Number of protein chains: 2
Amino acid sequence: VKLLTVARDLQRRKSREKNGLFVAEGVRTVEELLRSPLVIRGALVSPRLAEAERGRVLGLALRERKIAVEDVSDDELGSAADTESPQGVLAIGAVPDRTLSALEVRGNARILVLDAVQDPGNVGALIRTAAALGVTATLALPGTVDLWNAKVVRSAMGAHFHHFCLPGSWEDVDRLRTDHGVALWVADVSGEPLGASDAPARLAVVVGNEGGGLSADARRRADRVISLPVAPAVESLNVAIAAGIILYELRP
Amino acid sequence: VKLLTVARDLQRRKSREKNGLFVAEGVRTVEELLRSPLVIRGALVSPRLAEAERGRVLGLALRERKIAVEDVSDDELGSAADTESPQGVLAIGAVPDRTLSALEVRGNARILVLDAVQDPGNVGALIRTAAALGVTATLALPGTVDLWNAKVVRSAMGAHFHHFCLPGSWEDVDRLRTDHGVALWVADVSGEPLGASDAPARLAVVVGNEGGGLSADARRRADRVISLPVAPAVESLNVAIAAGIILYELRP
């Protein structure tokens, strides 16, 4: 099967899940993928890539690493890409095999839990932020956009490749609480203002759906509901910015 | 002149600046514009708007406010819009007349300075965040994307309409320093880690170009260069998230 066909098919979540593959688009993301330990199944390259020096170098690096490179037209590349202009390159990577049971939760731990966060750009920004702030793992609960969606991967700028992010369930969250003594703090406008950090050593922070507010599942389990003070004229902070502030404030 | 022609023309920055007009797209942004004190010159409405109850209500509200409404096709609306699917509505608003000299800087003040921030989504998120965190004003320096670009307006989700954001120059920044005793702290990876908040009462925080780092203009003027601790594997935080953390940490 041609790589172009595979890449196009990977635009569907079902295909990504069945094949355990994802697409990384653009020079920077593919560079990060090359630097990571993830397996790369192949790459599509169009003439546009060689137009800039950085792209040309990347094209050479792909071939040096003996990665299967398929030359396609700019239009063909576009037909497999989520972005309008994927900068002439797209790589097919293998989704890393991550399970929550493999996660070592000891000492100070911070876990970010995404409860039905639907916007791919926001989820990408959340993963990038969690990685930057030293969060141990990010768990994407049902209702959250697929972590390996091309737009999520692009927005996270390579953070997926080293940050331990994976899909999960509320049962997984419960196991973190019972087996690892992780406290659950949930962010919601109804919560008490985030104060001076008296955060427990092991803490999971739940952020939710951009418009939908706190879910019943989150409310039921919350050890604490926290909020950030926001000026009255503004409805809310962006979910990724709120999470960034909370994770920074509560850093160990 | 038809409103459709005006709206299409406003996709160009020059036209926005010459006419003092901007375009607000989508149900939520137009709702916020209606709630604001800004002058609305007219609106374009396509059949799609009435498909959802919230849109139908907005269409009625526009007509009740005696705003000039031009009915167009979905395709015509799309031709004037930045978004692919502007939800059947687009309004033309008057850019509010804001000058830095009108700004009252007393007591505790926080000013956000955008030094060549180019991504419209980031600038929109920065304005939304500044508004939410009670920042006094946001100053967009040369090299920053036009604040009234449709994508910036959309990303800020209505924050433009009540938050005092405006274009400015380094000379304006100098005037804030000399005339109002505003200290200038510049965010950059080279800076000293942001510590416990000993921030001065009047503080301007400068954030810069996503890729370009600290400008010479910013470095020369900086009373302090500050950074956020970031995990080694990650190049940086997104500029809007970094600004959110810094503005929250340094809130008065």
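## A few points about the interface of chain B and chain A
Then, number 1: Contact with chain B, which involves 28 residues of that partner, is made by 28 residues of chain A.
Then, number 2: Together chain B and chain A conceal approximately 2,300 Å² of surface at their shared face, both sides included; 59% is due to carbon and sulfur atoms.
Then, number 3: Counting the surface chain B buries against chain A, the share from its top three residues, Arg128, Ile241 and Tyr248 of chain B, is 26%.
Then, number 4: Applying the counting criterion to the chain B and chain A interface returns zero salt bridges.
Then, number 5: Counting only elements with at least two residues in the side of chain B that touches chain A, the list comes to helix 3 (27–35), helix 6 (120–132) and helix 10 (239–249) of chain B.
Then, number 6: Per-element tally for the side of chain B that touches chain A: the top contributor is helix 10 of chain B, with six residues.
Then, number 7: Here the residues of the side of chain B that touches chain A sort into 16 nonpolar, six polar and six charged.

## Thoughts on the sheet that holds strand 6 (residues 137–140) of chain B
Residue and element names in this part refer to chain B.
Then, number 1: Judged by pairing direction, the sheet is parallel, and its six strands sit side by side in the order 7-6-5-9-8-10 without closing on themselves. With one partner strand each, in any of the chains shown, strand 7 (165–167) and strand 10 (224–227) form the two edges of the open sheet. This sheet shows a mean twist of 30° between the axes of neighbouring strands, independent of strand direction.
Then, number 2: Judged from the three bridges that link them, strand 6 and strand 7 form a sheet pairing that is parallel. Residue Leu139 lies in a different strand from strand 7, and its bridge partner there is Leu166.
Then, number 3: Docked against the sheet, helix 6 engages strand 5 (109–115), strand 6, strand 7 and strand 9 (202–208), running at close to 175° with respect to strand 5.

## Describing the relation of the copies chain B and chain A
Then, number 1: With an RMSD of 0.0 Å, the operation that places chain B on chain A is a rotation of 180° combined with a shift of 0.0 Å along the axis. Look at the turn and shift together and you get a two-fold axis relating the two.
Then, number 2: Mapped onto chain A, 100% of the interface residues of chain B are again interface residues, and the two copies thus contact each other with one and the same surface.

## A short note on the environment of Arg177 of chain B
Residues and elements named next belong to chain B.
Then, number 1: The residue Arg177 is located in helix 8 (residues 170–180) in this model.
Then, number 2: Note on Arg177: relative accessible area 26%, which makes it partly exposed.
Then, number 3: Within the structure, the side chain of Arg177 is placed 3.1 Å from the backbone oxygen of Arg221, a separation counted as a polar contact.

## Concerning the pairing of strand 5 of chain B
Residues and elements named next belong to chain B.
Then, number 1: Counting buried residues in strand 5 gives seven out of seven residues, a clear majority hidden from the surface.
Then, number 2: Every second residue of strand 5 is oriented toward a common face, with Ala109, Ile111, Val113 and Asp115 on one face and Arg110, Leu112 and Leu114 on the other, all of them buried.
Then, number 3: Between strand 5 and its parallel partner strand 6, the chain crosses via helix 6, and the hand of that crossover is right-handed.

## Considerations on the pairing of strand 2 (residues 40–45) of chain A
All names here are of chain A.
Then, number 1: Counting buried residues in strand 2 gives five out of six residues, a clear majority hidden from the surface.
Then, number 2: Relative to strand 4 (residues 89–94), strand 2 runs antiparallel, the two sharing five bridges. Across the sheet, residue Leu44 finds its bridge partner in strand 4, namely Leu90.
Then, number 3: In terms of strand pairing, strand 2 meets strand 3 (residues 69–71) through three bridges, oriented parallel. The residue bridging Val45 from the neighbouring strand is Asp71, located in strand 3.
Then, number 4: As for the winding sense of the linkage, the β-α-β connection from strand 2 through helix 4 (residues 53–64) to strand 3 is right-handed.

## As for unusual backbone geometry
Then, number 1: Not every positive phi belongs to a glycine, and Ala116 of chain A is a case in point at roughly 60°.
Then, number 2: Inspection of the secondary structure puts Ala116 of chain A in the loop between strand 5 (109–115) and helix 6 (120–132).
Then, number 3: A positive phi angle, near 50°, is found at Met157 of chain B, a position not held by glycine.
Then, number 4: Structurally, Met157 of chain B can be placed in the loop between helix 7 (150–155) and strand 7.
Then, number 5: The class for Met157 of chain B is partly exposed, based on a relative accessible area of 25%.

## Comments concerning the nonpolar core
Then, number 1: Of all hydrophobic cores here, the largest spans 116 residues; its most connected members are Leu126 and Val207 of chain A together with Leu126 and Val207 of chain B.
Then, number 2: With residues up to four places along the chain from it excluded, the contact list for Val207 of chain A reads Leu112, Val113, Leu114, Asp115, Val117, Leu126, Ala187, Val239 and Ala243 of chain A.

## Digging into the packing of helix 6 of chain B against helix 10 of chain B
Residues and elements named next belong to chain B.
Then, number 1: Remark: helix 6 packs on helix 10, axes separated minimally by 8 Å, with the N-to-C direction vectors making an angle of 15°. In terms of axis orientation, helix 6 runs roughly parallel to helix 10. You can see that helix 6 and helix 10 cross each other, and the crossing is right-handed. Two secondary-structure elements touch here, helix 6 through Asn122, Ala125, Leu126 and Thr129 and helix 10 through Val239, Ala240, Ala243 and Gly244.
Then, number 2: Among the residues making up the contact of helix 6 with helix 10, the classes are represented as five nonpolar, three polar and no charged.

## Brief notes about the packing of aromatic side chains
All names here are of chain B.
Then, number 1: One pass over the structure, following the stated rule, counts four aromatic pairs over all chains.
Then, number 2: With 4.5 Å between their ring centres and 45° between their planes, Phe22 and Trp148 make a pair best called tilted. Pair noted here: Phe22 is in strand 1 (residues 21–25) and Trp148 is in the loop between strand 6 and helix 7, with a separation of 126 residues, a long-range link.
Then, number 3: The class for Trp148 is buried, based on a relative accessible area of 6%.
Then, number 4: A cation over a ring is seen here: Arg98 above Phe164, with NZ or CZ 5.9 Å from the ring centre.
Then, number 5: If you follow Arg251 out to its NZ or CZ, it ends over the ring of Tyr248, 3.9 Å from the centre.

## Looking at the side chain of Thr144 of chain B
Residues and elements named next belong to chain B.
Then, number 1: Positionally, Thr144 belongs in the loop between strand 6 and helix 7.
Then, number 2: Within the local environment of Thr144, its side chain forms a polar contact with the backbone nitrogen of Ala116, the two atoms lying 3.0 Å apart.
Then, number 3: Side-chain polar atoms of Thr144 contact the backbone nitrogen of Val117, separated by 3.2 Å.
Then, number 4: Setting aside residues up to four positions removed in sequence, Thr144 forms contacts with Arg13, Leu114, Asp115, Ala116, Val117 and Val123.

## Thoughts on helix 10 (residues 239–249) of chain A
Then, number 1: Burial of helix 10 of chain A is extensive: 11 of the 11 residues sit out of reach of the surface.
Then, number 2: Among the residues of helix 10 of chain A, the N-terminal cap falls to Asn238 of chain A, whose side-chain oxygen and the backbone nitrogen of Ala240 of chain A are separated by 2.7 Å.

Criteria and cut-off values
- Residues numbered from 1 in each chain as written.
- Chains lettered and ligands numbered in written order.
- Predicted model: local features only at pLDDT ≥ 70, side-chain atom pairs only at ≥ 80, totals over all residues.
- Heavy atoms only, no water.
- Contact = heavy atoms within 4.5 Å.
- Buried area = accessible area lost by both parts, 1.4 Å probe.
- Salt bridge = Lys/Arg side-chain N within 4 Å of Asp/Glu carboxyl O.
- Helix = DSSP H or I, 4+ residues; strand = E, 2+ residues; numbered from the N terminus.
- Nonpolar A, V, L, I, M, F, W, Y, C, P; charged D, E, K, R; others polar.
- Pairing = 2+ DSSP bridges.
- Axes fitted to C-alpha atoms, helices over the stretch in contact; angles between N-to-C directions.
- Least-squares fit on C-alpha atoms with pLDDT ≥ 70 in both.
- Buried < 20%, exposed > 50% of the residue type's maximum accessible area, 1.4 Å probe, protein only.
- Polar contact = N/O pair within 3.5 Å; in protein donor to acceptor, adjacent residues only side chain to side chain.
- Right-handed = clockwise from strand over helix to strand, strands pointing away.
- Core = buried A, V, L, I, M, F, W, Y, C linked by side-chain atoms within 4.5 Å.
- Parallel < 35°, antiparallel > 145°, perpendicular 65-115°, else oblique.
- Left-handed = near helix turned anticlockwise from the far one by under 90°.
- Phe/Tyr/Trp six-rings, centres within 6.5 Å; stacked < 30°, edge-to-face > 60°.
- Lys NZ or Arg CZ within 6 Å of the ring centre and 35° of its normal.

The values are spatial; any link to function lies outside them.
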